[in-house]
Each structure stands twice: as C-alpha cells, then as structure tokens.
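An overview of the molecular structure
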Amino acid sequence: MSSAQGSSSISQSGGSSSSDGLFRKHREPSITPKLHRSLPDVCPKEPTGSAGAVSDAPSVVCEPQRWSVYNSKVNLPAALNDPRLAKRESDFFTKTWGLEFSEGSILPCFHLPNISREEFSAYLQETAQREKIHERCKNICPNKDDLSLPCITNNYEKARAELEQVPKIFMKPDFALNDPVTFNTVLPWSHFSVAGGNSRDVASSRLLQEKLSHYLDVVEVSIARQISLRSDAFFHAMSSQHQLQDRLSETADSVSRLRARTAGIHRVLCRAPLRVLRDVRSRNNCVALQAKLQLMAALQQTQPTVQLLLAGGEFTGALELISTSKEVLQQELQGIHSFRHLGSQLCEMERLIDKMMVADFSSYAQSDLSRPLEEDAQVLEKERLQSLVFGLLRQRKLDFLDLYSEEMMRAARNVVRQCVVRGLSENSEVDADTVKIHEQMRLMAFDQWLDLLLEIFQHFLLFLRRIKSTLSVIRNVALEVLDNRQSRQLTANMTSTNHPESAANQDEEEEDEEESSGPIPHRGEAELAYLTHEGLFISDALNEAEQRSTSASTARKQLHNDTCGSDSASATTESEDVMPSDLELGRVANNAQELLYSASDICHDRCVKVLLIRAKDGSLERLSSSEFVCVSQAVESFLGDCESLCGRRSVSLRGALQSQAQRFLQRFHEERKNKLSLLLDNERWKQAEVPAEFQDLVDSIADGRISLPERKLSSGSEDRKPGEFLCVDGQTYAVVGTVLLLIRMFLEYCQCVNDIPSITTDILTRLADLLKLFNSRCCQLVLGAGALQLVGLKTITTRNLALASRCLQLVLYFLPVIRVFFESRLQPKQYSVLRHFDHITKDYNDHIAEIAAKLVVIMDGMFEKALSKYEVKAPMPSACLRNVCKQMLKMHEAIYELLPEEQTQMLFLRINASFKLHLKRQLCRLGVINDGGPQYGLVMVDVCFYSENVQALRSLERLDLNMPEIWEQKR
C-alpha cells in the first residue's frame, strides 16, 4: 500500500504538472533504460556540417552553439520522482560519495532570490480541483506498470460493465438539458413535490442525486484510466512543445537582429537612391498633369469643332470626334468636376446628329428620285451618299432603307403620272376638262396608248437603273466595312499564330518601359489626330508628352505596328470597331438587294394598273391579233430588261399579261370557232380551187416554217392561177374551201404561240378544241346528212364522202407537224398536254374509216337490190350484171380523182368482196353450182363480163378479184 501510495502521489504531481504546462525533462537512459523512449523532434534542426564549412561571420539565423542546463538529457527531479519505481533507493547519494554527502550543510545561493510558499498560492488554487479529482481516481486506477495482460483485460471488462450502467441518453452527441424531453428524462418531476415535501420526496431526491453522482464518478474514473494509459503521449507532447518554444525564441532574436542590420543598410544605401526615384516620379507626375491639362484644353474645343463639321455635312467626322471625346472623357478625364456635364452634352449632340443624318438621307433620296430621268444615270453626290451611309451604319440606324423605299414608291407614282399627263396633252381629241384621267386613257387611240405604254416602260427602266446605282453604292459600303473587318481579323490571327513569342516580348518591353519612363498618354489621345479645327490638329496638345518618349520606344512601337498592320490613329479602324456585327452588315447588304427587287415589283405594279385601266371596259380583249401581239411583245421586252437589270423574275406584270392573254385567247378562239362553224354550215362539199397563197402556205409548212407568211405586194403572186389540187409532200389533195381556211387558222394559233409564249398550253388546248370541232361538224354534216337541211343538198353523194375523207386526211397529215411545233415550245413537265393530239389522231382515223365503210355500204345496198333479181338465162351478159358494172363505173369516176390509187384499190377490193357475197347467196338460192352444166356456163359468162369491166377501170388493172370464191365449196 505504501508503494502504491507513493507511486500514486508521484503520478499525481507529475500529472498535475503536465496538465498545468510545467516543464519536465525525461530521464537518462542509464538511469531508466527500461522506460526511456526517444521523443519526436517537432522543431526544425539547425544546419550542421564540417568545421571547415562553417563561416566565422555572424549568422543571421542562429548563434554559435553554447551548452546550458537546458541541453542536459537528465532531469534530476524526474529521476528521483520516477512513478514507475516501486521503492525509492535511500542510499542513492551516500553509497557513492559517503554519508557526509547527505548530511552536509548547503549554503544558500547568493544569486537566487528567496522563494516562499506564497509564491505558489495562485498555482495551488488553480490546481486544487484537479488535485481532488486526481486523489479520487488514484486509488481506483492502478499503476499501469504493475498491470499484466489479464489484469488489463479484467479492468477493461470491469470498466465497460460500469459504463454500461450509465444510461445511454448521457452518451448521445446531441445531449442537452435545455431540451424539455431530455430534462424530464434525466430529472423526472415525479421525484419532486410542488409545495413543501415529505420525507419520502426528500429521500427520492437524495437518491437521484447520489445516482447522478455515481454516474459522474464512473465516467471520471474511465476518463482518468484512459489518461493514465496515455501518459507517455502527454510527456512527449509537452517536451516537444517546450523545445519548439525555445527555437521560436531564438528565431525571434535572430529576426530582430536581422531587422536592425537591414535598417542600417537602408539608412546607408537606399534612402538617397529612393529620394532620387521619388523626385523622378514627381517630375513624371508633373509631366502627366501638364498633358492632362492640355488634353482638357483640347477637349473644350469638341463642341465648336462638331458644329463646324456639321455645318460642312461631315457627319462621320463629327461622330468620330464625339466618340473619341467620350472615350477620353471616360478613361483619361473621369471624375473631373468641370467636365461633369460634358458627357450628357455629347450624348445629346450624338442623338441630334442621328436625327440630322436621317433627315439628310431622306432629303437625298427625295432629290435623287425626283430629278428628271433624262439626266445622267450616275449616282447623285456619291461622296455625300457614302458619308451618310457610313454614319448611319456607325450609329446602327439600320432602317434607313425603309425611308428610301417610301420615297421610291412615291417617285414611281410620279413617273406614271408625268407620262400620262404628257401623253394626254398631245391628244387633242379628248376633252381634258370634262373627262377624268382614267377615262381619257381609255378613250385614247390604240397607237397613242401603245406609245404611252412604251414611254412608261422606258422611264421605268431609267428609274430602275438609277435605283440600282444608288443601292449598289449602299451595298458596297456595307460590304467594304465587312471585308475590312474580316481581313483585319484574319491578319490578327495570322500574326498571333506566327509571332506569339515576339508579341509577348514586345508587351513585356512596353510594360518595362512604362514602369521606367512613367505614365504614357492613353491611345485615345492620339485618335484625335485626324480631326482638325481652325487648321490645327487637336492632338497638338499631346505632342509634347509624346515627344518625351525615348527613341528606342518609338522604334519598337513602329516595328510592332508594321508587323500587326494596324494604325491606332486610323479613323476607319476606330469606326469599324463600333460598326454593326457581321450578321447585321450582311443583312443590310441583302436588304439593299431586296429593295432593288421591291423597286422592280413597284414599277410592275404601276404598269399593271395602266393595263387594267385600259382593259376595264374590254378594250384589250377587242384588240386585233396584231395589236395584242404588239402589246404582248412590248410587255415581254420590258420584263426581259427588268429581269436582266434586277436579276429576278417579276410576277405581277407577267400575271396581268397572262390574264389579258387568256381573255384575248378566249375571244380569239371564239371568233375562230364561230367562223369555222359558219363556214362548215355553208359548205356544199364540192371540190374547191386552191389559191396560190394557200399552196405557198403549205409549202412553207413542209419546209419547217410554221407561221403566217408576211404579206407581199408583188404582182407575180396575183398572176398565178389557182390550182385544182393541193400538193403536199408529193401527194395531191382535193379539198373544200373550209379546209384551206382551217389550215390558215391553226397557223394563226401557232403564230400566237410565237408571239405570246406564256400561254402555249392554253393555245394548244384551244387548237385541239378547234380540230375536234371540225371533225365533229364534218361527221354531222356529211355522215349525218346535216348538209341536206343547211345548204339544201339533195343527197350526200359518194363524191361528197370521198371529198370529206380526203379533207380529213389532209388535216391528219399536219397533226404530227403541229405536235412537233408545240413540243419544242413546251417544258418537259408540260408534255402531258400533248395527249390531245393522240386523241385527235384517233378520232380522225375513226372518222375516215367510217366514211370508207359508208361507201362500201352504199355499194352493198345496190348489190343486194340488183342481184336479188338476177336470173341465169340468156342473153348474156345479163342486164343485172350490166347495171352492176355501170354503177361500179360511176363509183370509180366519183372517187378516182379524189382518192389516191392505194385507197381506191382497197375500197374496190372491199366492194368486190361485197359483190361476191351477194352473188354467191343468189347462186345458192338459184341452185347453180360449178358442175360444168349450161347454167354454170352462163354464170361464168357474166362473171367474166364483170371482171373485164372492173379491171378495165383505171388503177384497177392488176386488182385480184378472185371470182372463184362465188362457188360454194363441196363438202
């Protein structure tokens, strides 16, 4: 127990001293070799080396090594008060030095003060509470050196069991008694009475207090046990902390000595040079102040200079001056009280210049578009226009083209009005006082109206050329600014790519030079150089400051400017920096081109109104073909000139012409239909003579000239006699007069295609309708015998039928030629309308076949009637066969001159087949067979007579009649 108490007391003192920050040196290894541990060095070590490498000069960092008691590795009190020793050796000193050593008297040290117990009173008061806790715990916590592993395990289990007695609520991280729930759980109110209290409540409260004290003791014992197990770590930490404090104190001393030496060096070596540098900087500041005052003086002249520039129309120069002045005011002269209102004044002047530029551009557009069109087509005051456009672009007034568009519409109306007034003044037939101007235009003769239309077209072409020239200047200004910006960006990119190092070195040299030579005037000051006032440069106020820069600086800057290709004093460069973006500039250029298209549309709209005024009462529809062709050609020529001038097709005027052409074509077609119907109704279907002009017309078609020939007043053509037949490609056609006029009609349709190509498909449809009308009316009049009632024919003869067939064949011959003509005028996507020719060809072929069948039917009826009375008896040839041959002869005489030989032969072969059929039926009825008897002989006489008469006809000599077919084959 004594040893335990001794070790506990020593632990208490050591623990209290460790916790209170007292310095304790660890023991020598020779004294306590079993318990010694090397402490980690938490302070940086001093540099060490050989003796020769150490300099004799005083060190700024550390002093020469001197031994002191603090360098001792053995702490005698710690060795004597070692808590790990179970029993202190009483003969520690006497066994070596004798008994006299411990009993000798020690003289007090004269260099140390007398220290009483009162000196430690404050310390004892501070550590009293911790000493009580330590005294309480030392009996519970045994010495860790005396603990074995099983003992430690048992103690751990015991401590764990004791800690488990403590409620878990005290172990929670968020334990707080200010929480009502926690407070009620720890201190239940059921243990306390509201007023007074009996002995039971007092005992319950006392029991709760003891329980909480027990929990506190358990926790404190556990904490003390953990602290005792980690005492070595506390000793190590405190030892390292005191070593660190020693090193810090030495370092502080070294720093103070270094500061003293540095102050001496500064006093001897730096104060005078710094005074020189301060004087140089003061001088540079004075120079900068002088430059600033000169700049202020120059800035005062901004408003008078702007007024002078505006008086001369130099809007761009005024805007540049205002922009540069605002930049200088914001960067160089910011915060100067005397210029506090100058910024708002400059902004107000800039807004005024914007309004002036818009008004000036409007007046320019009005004067440019209202001047006489007969003048030179050159741009009016090109420099003024370029300056205005440049200024408007610089101020981002991108809607200035709308003003030009309004003036353009107004000028277009004036062009038409002036032409109409001039044309009406020359027409003395119309009373201008009583008739409105629209009525006057409709009352004008066609020649006068056409001349007026041509004059309007001519003036509009001049008008468009003038607009194109003006808009080209505007577009070129926008594109020039865009090209300059892009070329600058490309040059800058190439320069930064090729010379990155040189640019960096140049920037470093300029920065060094600025630091050495003082402040340099801002680049905004030099940008005023190009603006003048009263013959002097405004930037003259800055020349003195600029001239003070060194020659080397000037050379380097000049080299840098040459390399980069930039000029800081360029007005164009500065202006382009405030220009609209590339997208906006491209939009302005496109709007200028679109405005030219709009001008073309406006002109065409005005021309459409002129046409509609004339066509209001159907005047254009009543024009002759030649007159309407003149109008159409004039409009097409104007449209072609506008398209070549503006580069885009217009829709309005072309649509109006298309509409009028449709109406004209409708009237044209109705006239031809009525004319053809009238001719067919009066046609007597007799062969007509062919005048020489129609023969020439057909010959020109055969030569590939599908158009109406020009009228020639020559006596030679009048002396030519008309022909009996129409010769086409080596064949002769017997025709009626209606077919000749029909040929001329479809040539007129083809001529309309040449004159008005925009309505080709409509003309083709109308021509197909005309050809169908001719075919249907021919069928009604000839096959349908409608001519008997209309013209009083007694009957439709075979000659009438053959003549109608030949007329149809002539039209059918020209159909492929017309088809090829239209196909060459149509677009590939329009080829579908050519199917009309296929339908017409089929209809005509069917009609011709029906006429041939009708001729065969006529002869078939005659054969049936005649052969029904045929008898086989003498005399031979019989009267019946004589009558048949006579009718065959009449048929041949009727059609021989009308139809070609091939068609005549084919027709008589069909007639002969009909004759053989009826003769065969009659012989069967009579019972005559080819038995070689008398009746057979008589029949063969008649057959030979028939064959000889038929083959005696012209072109039928070699016709194979095959008469044995009349005899029925034996079975």
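Residues numbered from 1 in each chain as written. Predicted model: local features only at pLDDT ≥ 70, side-chain atom pairs only at ≥ 80, totals over all residues. Heavy atoms only, no water.

Per-residue confidence for the chain gives a mean pLDDT of 76; residues scoring 70 or more make up 75%. Low pLDDT (under 50) marks residues 514–574, which in the prediction has 87 contacts with non-local residues, meaning those over four places away or in another chain. The low-confidence segment residues 713–717 (pLDDT under 50) makes one contact with residues lying over four places distant or belonging to another chain. (pLDDT = per-residue confidence, 0-100. Contact = heavy atoms within 4.5 Å.)

With that settled, consider helix H30 (residues 798–825). Because each turn of an α-helix spans 3.6 residues, side chains separated by three or four positions in sequence point in the same direction. Over its 28 residues, H30 extends 41 Å from the first C-alpha to the last, a length consistent with the 40 Å expected when each residue adds 1.5 Å. Of all the bends in H30, the largest measures some 25° and sits at Leu 815, one to four residues before the proline Pro 816. (Helix = DSSP H or I, 4+ residues; strand = E, 2+ residues; numbered from the N terminus. Expected span 1.5 Å × (residues − 1). Bend = angle between axes of the 7 residues up to and from the residue.)

We now examine a positive patch on the surface. Taken together, the side chains of Arg 267, Arg 271, Arg 275 and Arg 278 define a basic patch exposed on the protein surface. Checked against the element boundaries, Arg 271 lands in helix H9 (residues 231–300). Arg 271 sits in the partly exposed class, given a relative accessible area of 42%. (Patch = residues over 30% accessible without salt bridge, like charges linked within 9 Å, V, L, I, M, F, W, Y side chains within 5 Å. Areas by Shrake-Rupley, 256 points an atom, 1.4 Å probe, with all protein chains shown as cover. Salt bridge = Lys/Arg side-chain N within 4 Å of Asp/Glu carboxyl O. Lys, Arg positive; Asp, Glu negative; His and termini not counted. Charge placed at Lys NZ, Arg CZ, Asp CG, Glu CD. Buried < 20%, exposed > 50% of the residue type's maximum accessible area, 1.4 Å probe, protein only.)

We now examine a nonpolar patch on the surface. Together, Ile 115, Phe 120 and Leu 124 give the surface a local cluster of nonpolar side chains, amounting to about 300 Å² of exposed area. When you line up the elements, Leu 124 lands in helix H5 (residues 121–138).

Membership of the largest hydrophobic core comes to 201 residues, with the highest contact counts inside it found for Phe 460, Phe 463, Ile 743, Phe 774, Phe 822 and Tyr 946. With 19 residues, the top contributor of residues to this core is helix H16 (residues 446–498). For Phe 774, the residues in contact, after removing those within four places along its chain, are Leu 676, Leu 680, Thr 738, Val 739, Leu 742, Leu 808, Val 811 and Tyr 844. (Core = buried A, V, L, I, M, F, W, Y, C linked by side-chain atoms within 4.5 Å.)

We now examine the side chain of Ser 955. Along the chain, Ser 955 falls in the segment after helix H34 (934–951). Residue classification places Ser 955 among the buried positions, given a relative accessible area of 11%. Apart from residues no more than four positions distant in its own chain, Ser 955 is found in contact with His 892, Tyr 896, Glu 901, Thr 904 and Gln 905.

Before going further, it helps to examine the packing of aromatic side chains. Taken as a whole and assessed by the stated rule, the structure comprises 17 aromatic pairs. Aromatic pair Phe 460 and Phe 463: ring centres 6.4 Å apart, planes at 65°, arrangement edge-to-face. With Phe 460 and Phe 463 both in helix H16 and three residues apart, the pair spans about one turn of that helix. Comparing Phe 460 with Phe 463, the two get one shared label, buried. Here Phe 628 and Phe 664 contribute two aromatic rings whose centre-to-centre distance is 4.2 Å and whose plane-to-plane angle is 10°, an arrangement assigned as stacked. You can see Phe 628 sitting in helix H23 (residues 625–646) and its partner Phe 664 sitting in helix H24 (residues 652–681), a full 36 residues away along the chain. Here the two residues Phe 628 and Phe 664 agree in accessibility, since each one is buried. An aromatic cluster of at least three residues, connected via ring pairs, comprises Phe 628, Phe 664, Phe 668 and Tyr 749. (Phe/Tyr/Trp six-rings, centres within 6.5 Å; stacked < 30°, edge-to-face > 60°.)

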